[in-house]
Amino acid sequence: MFSKVLVANRGEIAVRVIRALDELGIASVAVYSEADRDAQHVQRASEAYLLGPGPAAQSYLVVEKLLEVIEQSGAEAVHPGYGFLAENAGFARRLEEAGVTFIGPPASAIEAMGSKTRARELMQKAGVPIVPGVTEPVPDVQAAAKIAKDIGYPVAVKAAGGGGGKGFRVALSPDKLEEAFEGAAREGEKFFSDATVYLERYLPDPRHVEVQVLADGHGSVIHLGERDCSIQRRHQKLIEESPAPLVDEALRDRIGRIATEAARAVDYRGAGTIEGLLQDGEYFFLEMNTRVQVEHCVTEATTGIDIVREQIRIAAGEPLSVTQDQVVLRGHAIECRINAEDAAKNFAPAPGTVTRYREPSGPGVRVDSGVLAGSEITPLYDPMVAKLIVWDSDRESATRRMARALEEFDVDGVRTLIPFHKAIMASEQWARAETCRDLIEDRDWLKTLAFPKQPTPGGDDEPEPLERSYVVEVSGKRFDVKVLGDAIAAPAGAMADGAAPAPRPKRERRASGGGGGGGDTLASPLQGNVFKVLVEQGATVEEGALVCIIEAMKMENEITAHKAGVVAELPISEGAAVSAGDTLAVIKSDG
Ligand code: MV4
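Residues numbered from 1 in each chain as written. Predicted model: local features only at pLDDT ≥ 70, side-chain atom pairs only at ≥ 80, totals over all residues. Heavy atoms only, no water.

Points about the confidence of the model for the protein chain
And then number 1: When the pLDDT values of the protein chain are averaged, the result is 89; 89% of them are 70 or greater.
And then number 2: In this model, residues 489-517 is a region of pLDDT below 50 whose contacts with residues beyond four sequence positions or in other chains number 64 contacts. (pLDDT = per-residue confidence, 0-100. Contact = heavy atoms within 4.5 Å.)

Put into structure tokens, the structure is as follows:
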């Protein structure tokens, strides 16, 4: 077994890996950027090294710098977590060359699965069912038109370098094909430096079902059951659960075999996930993720197997700790991603400082997080604050437990998805395990689901009725009392002992973006770059009309008109940088 391992990541997953290392008696080496000096993963590791400035391209992604730290610290292996360098075959190879163990699959397996067309071809040869379509790159729109005619509309156009929905477009009809083709190619180029695209049949109402696999270096390949990740927003998974609502034992057995076959076909080693679509009882391979995933925790809850520990043991050459027969699924687990995002603003990132932070606990509750009160959620990295995972005997009780835990979760200073998740847990659609789609149909219930607006965290830009909470005792019974109305100057001494305001004097305020604005001004809710401007000065817009797209944290954020009227000012242009609070447009009411 290793004696020292470097964790090439940050946030909750770095903390998660450090915990596994601690339990195995292995020293941990953290790395951090200037923006993460006080981060949890830095404080929890045995030792920590500065990589460079905040932007990942100057810190967490700098292979040379990581190699230096490996040398300096004497780490024998590297755990990449997810994101950053986790699926970078070049990085895995560099480590191999340096005689350092990459805690992950062989570089060849990362490569094979990295190209989605190559992966489809390999899987087809191995007898793994793939979503109908081509396994070759499609050179141009003309070729695409011929193929699409054969496949039948709607067609899915996907970037070959993509994955997780990046570079994914749907063409509903032939006249929409060019736009979809160009869009997928452009996004592929932007995110993966690869404009190659391919076509698949578009499945109208699938469920996203993925299978966790583990493979050791001794010929064992097993699966740990499936996860359903059908609750997504703009291809970001928001809620995951295991087992999947529509998968029975026979189907689990079938997709489990498909997944282990897929892993064998690329000589897989370590933990991996076969992602697929389940439509009318049929299962189709989508892609393989050659890393530990965010949602691995729900599988840990239902199987009792520590996936990160298995990863480390496998990388050290040990055999899997269980056989397929020993894998027993028990109960039901659900994970909610607690992102610093504003659900009411089309899930725009909502960075800021966490001023109050209290995690839920109690039976069947697990929280994986990398923050504490005082932590800053920076726009430099992904906005996940924590993952809340619950386990209970069945889906219904797990849902109630999740609702309870969400109620206990107390985060202030930044907007989070907690209210959104509460609304989902209380919804009939969730109870019926309905799928949601944000692609082509208007049947997307996530969008329409009523969820309470959150008070603006922090700032004080609007005079609104003050709400103060007090705790009072009346004849020995405790009451929480809200006092509404304008603040009244308390006479000196009136707040003396016993009558101190509760520690949560809250101002309920208009839910607005981080920047606020108000009136005619449409302010940017986030920092980023203007990717597209969709209105012109002088144009008349409806409330909710798309004004521009701002790219931030590798995501395109649609900014919509906050009111109907005429665009009087439009001080933005494509490619320009904007800060949170900057004016994007001034919209004056008609007449
Ligand atoms: C699809 C699809 C329909 N047809 N592919 C790809 C990445 C992942 N985020 C979802 N992806 C999809 N790929 C074809 N050929 C629909 C989706 C999809 C989806 C699937 C199941 C549950 C929720 C979904 C939400 C958005 C997109």
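After that view, the rundown keeps rolling.
Description of the environment of Ala-405
And then number 1: If you trace the backbone, Ala-405 turns up in helix 12 (residues 395-408).
And then number 2: For Ala-405, a relative accessible area of 0% puts it in the buried group.
And then number 3: Between the alpha carbons of Ala-405 and Val-365 there is a distance of 7.3 Å; along the sequence they are 40 residues apart.
And then number 4: Not counting chain neighbours up to four residues away, the residues in contact with Ala-405 comprise Pro-360, Val-365, Leu-388 and Val-390. (Helix = DSSP H or I, 4+ residues; strand = E, 2+ residues; numbered from the N terminus. Buried < 20%, exposed > 50% of the residue type's maximum accessible area, 1.4 Å probe, protein only.)

A word on the packing of aromatic side chains
And then number 1: As enumerated under the stated definition, the model contains six aromatic pairs in all.
And then number 2: Judged by centre distance (5.1 Å) and plane angle (25 degrees), the rings of Tyr-60 and Phe-84 are stacked. Residue Tyr-60 is found in the loop between strand 3 (47-52) and helix 3 (63-73), and its partner Phe-84 is found in the loop between strand 4 (77-79) and helix 4 (89-97); the two are separated by 24 residues along the sequence.
And then number 3: With a relative accessible area of 29%, Phe-84 lands in the partly exposed category.
And then number 4: Between the aromatic rings of Phe-347 and Phe-420, the centroid separation amounts to 5.0 Å while the plane-to-plane angle is 90 degrees, which identifies the pairing as edge-to-face. Remark: Phe-420 occurs in helix 13 (residues 418-425) and Phe-347 occurs in the loop between strand 15 (341-342) and strand 16 (348-349); sequence separation between them is 73 residues. There is no split in this pair, since Phe-347 and Phe-420 are both buried.
And then number 5: Clustering of aromatic rings is evident, with ring pairs tying together Tyr-60, Phe-84 and Tyr-381.
And then number 6: Over the face of the ring belonging to Phe-531 we find Lys-190, whose NZ or CZ atom lies 3.9 Å from the ring centre.
And then number 7: In this arrangement the basic side chain of Arg-395 is found over the ring face of Trp-430, its NZ or CZ atom lying 4.1 Å from the centre. (Phe/Tyr/Trp six-rings, centres within 6.5 Å; stacked < 30°, edge-to-face > 60°. Lys NZ or Arg CZ within 6 Å of the ring centre and 35° of its normal.)

Some points on the packing of helix 12 against helix 13
And then number 1: Running from amino to carboxyl end, helix 12 crosses helix 13 at an angle of 155 degrees, the nearest separation of the two axes being 9 Å. In terms of orientation, helix 12 and helix 13 fall into the roughly antiparallel class. Of the two elements, helix 12 crosses helix 13, and the hand of that crossing is left-handed. Note on element contacts: helix 13 touches helix 12 through Ile-418, His-421, Lys-422 and Met-425, opposite Thr-399, Met-402, Ala-403, Leu-406 and Glu-407. (Axes fitted to C-alpha atoms, helices over the stretch in contact; angles between N-to-C directions. Parallel < 35°, antiparallel > 145°, perpendicular 65-115°, else oblique. Left-handed = near helix turned anticlockwise from the far one by under 90°.)

Brief notes about the pattern of salt bridges
And then number 1: Under the counting rule described, the total for this entry stands at 40 salt bridges.
And then number 2: Between Arg-227 and Glu-210 there is a salt bridge, with its nearest N and O atoms 2.8 Å apart. Of this pair, Arg-227 sits in strand 10 (residues 221-233) while Glu-210 sits in strand 9 (residues 207-215), and the two are 17 residues apart along the sequence.
And then number 3: Taking relative accessible area as the criterion, Arg-227 reaches 0% and is therefore assigned buried.
And then number 4: With a closest N to O distance of 3.1 Å, Arg-356 and Asp-410 form a salt bridge. Of the two residues, Arg-356 sits in strand 18 (residues 356-358) while Asp-410 sits in strand 22 (residues 410-412), which places them 54 residues apart along the sequence. (Salt bridge = Lys/Arg side-chain N within 4 Å of Asp/Glu carboxyl O.)

Some details on the sheet that holds strand 8 (residues 197-201)
And then number 1: Taken in spatial order, the three strands make up an open sheet running 7-6-8, and their pairing is antiparallel. The sheet is open, and its two edges are formed by strand 7 (166-171) and strand 8, each paired on a single side. Mean inter-strand twist for the sheet, computed between neighbouring axes without regard to direction, equals 25 degrees.
And then number 2: Those strands touched by helix 7 (residues 141-151) are strand 6 (155-163) and strand 8, and its axis lies near 15 degrees from that of strand 8. (Pairing = 2+ DSSP bridges.)

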